[in-house]
Amino acid sequence: MSKKLKVVTIGGGSSYTPELLEGFIKRYEELPISELWLVDVEAGKEKQDIIFDLCQRMIKRAGVPISLHKTLNRREALKDADFVTTQLRVGQLKARELDERIPLSHGYLGQETNGAGGLFKGLRTIPVIFDIIKDVEEICPDAWVINFTNPAGMVTEAVVRHTNFKKFIGVCNIPVGMKMFIQDVLKISPQDELSIDLFGLNHLVFIKDVIVNGESRFAELLDGVASGTLTAGSVKNIFDLPFSEGLIRSLNLLPCSYLLYYFKPKEMLAIEMGEFYKGGARATVVQKVEKQLFELYKDPELNVKPKELELRGGAYYSDAACEVISAIYNDKQTEQYVNFAHHGHIDNIPADWAVEMTCTIGRNGATPTPRITHFDEKVLGLIYTIKGFEIAASEAALSGKLNDVLLALNLSPLIHSDKDAEKLARDMLLAHEALLPNFAKAIAELK
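No experiment lies behind these values; they were computed from the predicted model shown.

(A) Looking closely at the pairing of strand E11 (residues 334-341). With respect to burial, E11 is a largely interior element, six of its eight residues being buried. The pairing of E11 with strand E12 (residues 354-362) spans eight bridges and is antiparallel. Its bridge partner lying in E12, Gln-336 is registered against Cys-359.

(B) Focus on helix H15 (residues 402-411). Within H15, burial applies to Val-405, Leu-406, Ala-408 and Leu-409. For H15, the arc enclosing every buried residue in end-on projection is 160°, short of the 170-degree limit, so these residues lie on one face. For H15, the secondary structure elements touched by its buried residues are helix H5 (115-139), helix H14 (380-399) and helix H16 (418-431).

(C) Expanded view of the UniProt feature "binding site: Mn(2+)" (unreviewed entry) in the protein chain. UniProt feature "binding site: Mn(2+)" (unreviewed entry): in the numbering of this structure it lies at Cys-172 and His-203. Over a stretch of 32 residues, the named residues converge on one spot in the fold, their C-alpha atoms separated by at most 8.4 Å. Inspection of the secondary structure puts Cys-172 in the loop between strand E6 (168-170) and helix H7 (173-185). What makes Cys-172 buried here is its relative accessible area of 3%. Excluding its chain neighbours within four sequence positions, the residues that come into contact with Cys-172 are Phe-148, Asn-202, His-203, Ala-320 and Glu-356. Note on His-203: relative accessible area 4%, which makes it buried. Residues contacting His-203, with those up to four places away along its chain left out, are Thr-113, Asn-150, Cys-172, Ile-174, Cys-256 and Tyr-258. In this structure the side chain of His-203 is engaged in a polar contact, spanning 3.0 Å, whose partner is the side chain of Thr-113.

(D) Here's a closer look at the packing of helix H4 (residues 92-105) against H5. Relative orientation of the contacting elements H4 and H5 amounts to 145°, with a least axis distance of 8 Å. The element H4 and its partner H5 pack so that their crossing is right-handed. Residue-level contacts link Ala-95, Arg-96, Asp-99 and Pro-103 of H4 to Ala-116, Gly-117, Phe-120, Lys-121 and Arg-124 of H5. For the contact of H4 with H5, the residue count by class is four nonpolar, one polar and four charged.

(E) Highlighting the packing of H5 against helix H6 (residues 152-162). It is at 9 Å that the axes of H5 and H6 come closest, and there the two elements cross at 45°. Judged by the inter-axis angle, H5 sits oblique to H6. Note that H5 runs across H6; the crossing there is right-handed. Contacts from Gly-118, Leu-119, Gly-122, Thr-125, Ile-126, Ile-129, Phe-130 and Ile-133 of H5 reach H6 at Met-154, Val-155, Ala-158, Val-159 and His-162. Along the lines of polarity and charge, the residues of the contact of H5 with H6 split into nine nonpolar, four polar and no charged.

(F) Seen up close, the environment of Leu-260. Position of Leu-260 among the secondary structure elements: in helix H10 (residues 260-263). The class for Leu-260 is buried, based on a relative accessible area of 1%. Placed 18 residues apart in sequence, Leu-260 and Pro-242 show a C-alpha to C-alpha distance of 8.7 Å.

Cut-offs applied
Residues numbered from 1 in each chain as written. Predicted model: local features only at pLDDT ≥ 70, side-chain atom pairs only at ≥ 80, totals over all residues. Heavy atoms only, no water. Buried < 20%, exposed > 50% of the residue type's maximum accessible area, 1.4 Å probe, protein only. Helix = DSSP H or I, 4+ residues; strand = E, 2+ residues; numbered from the N terminus. Pairing = 2+ DSSP bridges. Arc of directions from axis to C-beta. Contact = heavy atoms within 4.5 Å. UniProt positions renumbered as here; feature names shortened; annotations may be inferred. Polar contact = N/O pair within 3.5 Å; in protein donor to acceptor, adjacent residues only side chain to side chain. Axes fitted to C-alpha atoms, helices over the stretch in contact; angles between N-to-C directions. Left-handed = near helix turned anticlockwise from the far one by under 90°. Nonpolar A, V, L, I, M, F, W, Y, C, P; charged D, E, K, R; others polar. Parallel < 35°, antiparallel > 145°, perpendicular 65-115°, else oblique.

See below:
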């Protein structure tokens, strides 16, 4: 073990950073971080300063010898890094608001990881992630990059498909939320051994088995969720709308909440359009929550992560990110649910796809569980459809070509018109022009 353990967090001014630090502090004995660097861009400097001061107070209160640094110079921070975490939002929440409101103005779902909104978040984000990877390869080639930046599936697919960088793992809080839901409703204690068979793509995962102390309790879980008799107590239920009993029983799988966009598109669109007509969108809510959070963060007496952060969405992601880092650092060989290249482990999908599934994490990264070698045929069509969209999106992000954007939009099951795809492409390219430098030529032709 190295005496010095250095972690660099890119997007350090994020409102989530106190949660990440809380996870590091909690695990200090097993993960003795000596240096934590917070990196941000000029536009995020004010937030980064507030976060830095709060993190200093949290470290002091915990009495751990973590040396905290902040910088706007990414390359300076990366020197000798062991782990790099990415939690960035190109264009901040204002860009997210456009991702949501422009599709809704055309009568389509507006969301930051699905459909047109997810595509444009990917187009802005993938080139930035690639720049970070180039710097890592040059400055700290042995470092692992642990990505929490959305759309995590699209980003991981692009990295796997278009770079030779192998030390990249995508994490997401959705499987963590599903695991907490299961622990809660099945009343599983910390002493129990819990293993979950989870498979699919990011924000498109299904649970096919739940094993407690060597015995499957999936039938009991599925029956409880389908009939509505199992409800979460301490954990907010993962489903904003319940899936129908018929769907759950016919799938014989437990879908994650994001599958509402594909199994209940009409209802989800109606909810979002209702908010849109009232002048709102999820990004508007998030901006209000974030504003309140940063007011709290400024309080010189505050020296812990405030409870209000859990309203922000994405709660518990630090458990996913910190656990992956600790498992690699300590070669723990523990079960996690991550995005990675499966390299042919799954026998009924292409070998070069990035997937999200149950893995064992150790010093060599993610090893897929031997229990899942096959994706359930019932949902394979949907998985192929969304992966086609992700692949087209990653190609478009790198090419900067209008036709590639149109292909990705037309492949999304949430866009139902080739003409509307053209309108969406035009409106969103023009709206995000400043954040899409590699689309300069395509945008000039649209004007």
